[in-house]
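A structural walkthrough
The residues making up each chain are set out below.
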Amino acid sequence: MDYFPLFHRFTDQKILVIGGGSIALRKITLLEKSGADILVVAKKIHSEIQAKDRCHCEVREYRSADLDGCSLVVAATDNYELNQKISNEAKARGLLVNVVDSPALCNCIFPSIVDRSPLVVAITSSGQAPVLARSIRAKLESTIPASYGQLAQLASKYRNKVKAKFKRMDDRLSFWEKVLNGVIAEHVYAGRLEQAEASIEAEIEHPELRNRGEVYLVGAGPGDPDLLTFKALRLMQQADVVLYDALVSDQIMELVRRDAERIYVGKRRADHTLPQEQINQRLLDLALEGKRVLRLKGGDPFIFGRGGEEIDLLAEHKVPFQIVPGITAASGCASYSGIPLTHRDYAQSVRFVTGHLRDGTANLPWNELVMPAQTLVFYMGLAGINTICAELIRHGRQANTPIALIQKGTTPEQRVLVGTLETMPDIVIREKPQAPTLTIVGEVVSLHSHLNWFQTEDH
């Protein structure tokens, strides 16, 4: 271990920064958050540094006496000899010194920081690979909610009260695990601090409530795991059991907590593993057992995803639940196919339609679907593609209207079949696409050949 990690309190302490350029500005911008009093010495000082409230700027050369009373010294000049002199003099006084881009002259270094005060995470590569440290910080930034600091403050506020209520360490641990990973934490993340405090008070006064579970209704998006939201990923990592659909990819399932129980409840045409009513009841039963239940659905749970049906029973029994929207297939598949759903020259509105036609019927408002300057997106329309094309033409849409059928959109297996209302039925017979598919109808489809960025293969 080249550097031992410590956290220093610099509030109202003197920090000396020698150098007044852009590099010094970056260091000072970080240091001012500590509440330190910063003395900046340089022959020329950046205007942004001079404007900072906690900076006292002196336009002159460095003097050894500047080290008097310092807690930290930062050398940020482009003069190696001067930096070396500053380093030697600071070390001789037993001071902390950081020389920018010169690890050999430092006895302390600046880490990459994830700031969720009072929670602070610092990452360092000991000065060997700072870009790698910043990359790790970026990954942490994406998984640690911005409101974690407020959650830490809430825990601090109730720490003594919880300790007095729960004498056994195991009971306290169980209490805090639920608070920091459940509904109360989500109240904090959403800015509902009063509700969070009311809930934690209830948990303290009524320990039996800790046996209640919770359900997370999460949209997994159209297939690409990179399209998951931060909140979706966080809840996926803390669930005890997951009920997932056929449209949830293996890559996304790999991101679920490793030891979580997995229950497949997928539905495909004429093949339902569990009827919808049984899925709803299963969610309720698992939550009443005290489980954190993840209901993971492809796309967005409230767009042709029966999400409303699944939470209705939970609400009736007052079981806590959260809903996390996902990127719906229309947005994801259109974007990955280079087909804008709206465009000033082609379409001023977009309409999402279920193409899952029961018993071969076509009970859709076709007169509304043929309105001009409108993009149509059909979900689950592969089996009824002949009917869709024929009915649109019969109700007034031009036979040469562009249409795209997108198979497994946003994934490496994506295929985009482009034709017209007249030609698409024959294209489907020839190309034999497989579900899941999404169908887009409208003039915007003509932009596919020009804006296609994800794949270059055309059909």
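Right above here is the structure, for reference.
To keep things clear, this report deals only with the structure shown in the data block.

Of the regular secondary structure elements, the protein holds 17 helices and 19 strands. Relative to its length of 459 residues, the protein is extended, with a C-alpha radius of gyration of 30 Å against a globular reference of 23 Å. With respect to the principal axes defined by its C-alpha atoms, the protein has extents near 90 × 60 × 35 Å. Expressed as a percentage of its 459 residues, the buried residues of the protein come to 46%.

Checked against the element boundaries, glutamine 238 lands in the loop between α9 (230-236) and β9 (241-244). Apart from residues no more than four positions distant in its own chain, glutamine 238 is found in contact with Asn181, Gly182, Tyr216, Arg257 and Arg292.

The next point concerns the state of the cysteines. Summed over the entire model, instances satisfying the criterion amount to zero disulfides. Cysteine 106 provides the cysteine sulfur closest to cysteine 108, a residue in no disulfide bond, and the two sulfurs are 6.7 Å apart. For cysteine 108, a relative accessible area of 16% puts it in the buried group. Note on cysteine 389: no disulfide assigned, nearest cysteine sulfur contributed by cysteine 333 at a separation of 18 Å.

It is worth spelling out the side chain of serine 147 at this point. Here serine 147 shows up in the loop between α4 (130-143) and α5 (148-165). Discounting residues that sit within four places of it in the chain, serine 147 has contacts with Val188 and Tyr189.

There is a patch of nonpolar side chains on the surface, built from Met1, Phe4 and Leu6 and spanning about 450 Å² of accessible area. Looking at where methionine 1 falls in the secondary structure, it is placed in the segment before β1 (14-18).

Per the counting criterion, the structure on display carries 27 salt bridges. Aspartate 245 serves as the salt-bridge partner of lysine 297, at 3.6 Å between the closest nitrogen and oxygen. With lysine 297 in strand β13 (residues 292-297) and aspartate 245 in the loop between β9 and α10 (250-253), this pair connects stretches of sequence that are 52 residues apart. Summarising the burial analysis for this pair, lysine 297 and aspartate 245 share the class buried.

Scanning all chains against the criterion turns up nine aromatic pairs. A centroid spacing of 5.5 Å and a plane angle of 65° characterise the contact between tryptophan 453 and phenylalanine 454, whose relative ring orientation is edge-to-face. On the basis of relative accessibility, which here comes to 52%, the residue tryptophan 453 falls in the exposed class. Among the aromatic residues, those joined into a ring-pair cluster are Phe166, Phe175 and Trp176. Just above the ring of phenylalanine 110 sits the side chain of lysine 27; from NZ or CZ to the centre is 4.3 Å.

With that settled, consider the sheet that holds strand β4 (residues 70-75). Strand order in the open sheet formed by five strands is β3-β2-β1-β4-β5, and the pairing between neighbours is parallel. Looking at the sheet topology across the chains shown, the edges are occupied by β3 (55-59) and β5 (96-99). Each strand axis lies, on average, 15° off the axis of its neighbour in the sheet, ignoring direction. Note: β4 against β5, four bridges, orientation parallel. Paired with alanine 75 across the two strands is valine 99, which belongs to β5. Lying on the sheet, helix α1 (residues 22-31) is in contact with β1, β2 (37-42), β3, β4 and β5; it crosses β1 at an angle near 165°.

Successive side chains on a regular strand alternate, one facing one side of the sheet and the next facing the other. Along β13, five of the six residues are buried, which leaves the element largely enclosed by surrounding structure. Relative to β13, strand β8 (residues 214-219) runs parallel, the two sharing six bridges. In the sheet register, valine 218 faces β13, and the bridge partner there is leucine 296. With four bridges joining them, β9 and β13 adopt parallel strand pairing. Each bridged residue has a counterpart across the sheet, and for tyrosine 244 the counterpart in β13 is leucine 296.

Turning to the packing of α5 against helix α8 (residues 193-205), a few remarks are in order. With their axes 11 Å apart at the nearest point, α5 and α8 run at an angle of 20° to one another. In terms of orientation, α5 lies roughly parallel with respect to α8. Crossing handedness for the pair α5 and α8: right-handed. On the side of α5, the interface is formed by Gln150, Leu154, Lys157, Tyr158, Lys161, Val162 and Lys165, while α8 contributes Leu193, Ala196, Glu197, Ile200, Glu201, Ile204 and Glu205.

Across the sheet, five strands lie side by side as β15-β16-β19-β17-β18; this open sheet has mixed pairing. The open sheet is flanked by β15 (349-354) and β18 (415-420), the only strands paired with a single partner. Adjacent strand axes in the sheet meet at a mean angle of 20°, parallel and antiparallel pairs treated alike. One ladder, built from six bridges, connects β15 with strand β16 (residues 374-379); its direction is parallel. Of the residues in β16, the one forming a bridge with valine 350 is threonine 375. Each of β15, β16, β17 (402-407) and β19 (437-441) is contacted by helix α13 (residues 329-336), which is oriented at about 75° to β19, the strand it contacts most.

Take the environment of threonine 29 next. Along the chain, threonine 29 falls in helix α1. Measuring from C-alpha to C-alpha, the distance between threonine 29 and isoleucine 49 comes to 8.5 Å, with 20 residues separating the pair along the chain. Of the polar contacts made by the side chain of threonine 29, one reaches the backbone oxygen of leucine 25; its length is 2.8 Å.

Before going further, it helps to spend a moment on a negative patch on the surface. A cluster of acidic side chains, namely Glu277, Glu309, Asp312 and Glu316, defines a negative patch on the protein surface. Element by element, the count of residues in the negative patch is highest for helix α12 (residues 307-316), at three residues. Take aspartate 312: it is sitting in helix α12.

Parameters and conventions
- Residues numbered from 1 in each chain as written.
- Predicted model: local features only at pLDDT ≥ 70, side-chain atom pairs only at ≥ 80, totals over all residues.
- Heavy atoms only, no water.
- Helix = DSSP H or I, 4+ residues; strand = E, 2+ residues; numbered from the N terminus.
- Rg over C-alpha atoms; globule rule 2.2 N^0.38 Å.
- Buried < 20%, exposed > 50% of the residue type's maximum accessible area, 1.4 Å probe, protein only.
- Contact = heavy atoms within 4.5 Å.
- Disulfide = S-S within 2.5 Å.
- Patch = residues over 30% accessible without salt bridge, like charges linked within 9 Å, V, L, I, M, F, W, Y side chains within 5 Å.
- Areas by Shrake-Rupley, 256 points an atom, 1.4 Å probe, with all protein chains shown as cover.
- Salt bridge = Lys/Arg side-chain N within 4 Å of Asp/Glu carboxyl O.
- Phe/Tyr/Trp six-rings, centres within 6.5 Å; stacked < 30°, edge-to-face > 60°.
- Lys NZ or Arg CZ within 6 Å of the ring centre and 35° of its normal.
- Pairing = 2+ DSSP bridges.
- Axes fitted to C-alpha atoms, helices over the stretch in contact; angles between N-to-C directions.
- Parallel < 35°, antiparallel > 145°, perpendicular 65-115°, else oblique.
- Left-handed = near helix turned anticlockwise from the far one by under 90°.
- Polar contact = N/O pair within 3.5 Å; in protein donor to acceptor, adjacent residues only side chain to side chain.
- Lys, Arg positive; Asp, Glu negative; His and termini not counted.
- Charge placed at Lys NZ, Arg CZ, Asp CG, Glu CD.

Read these as geometric descriptors, not functional statements.
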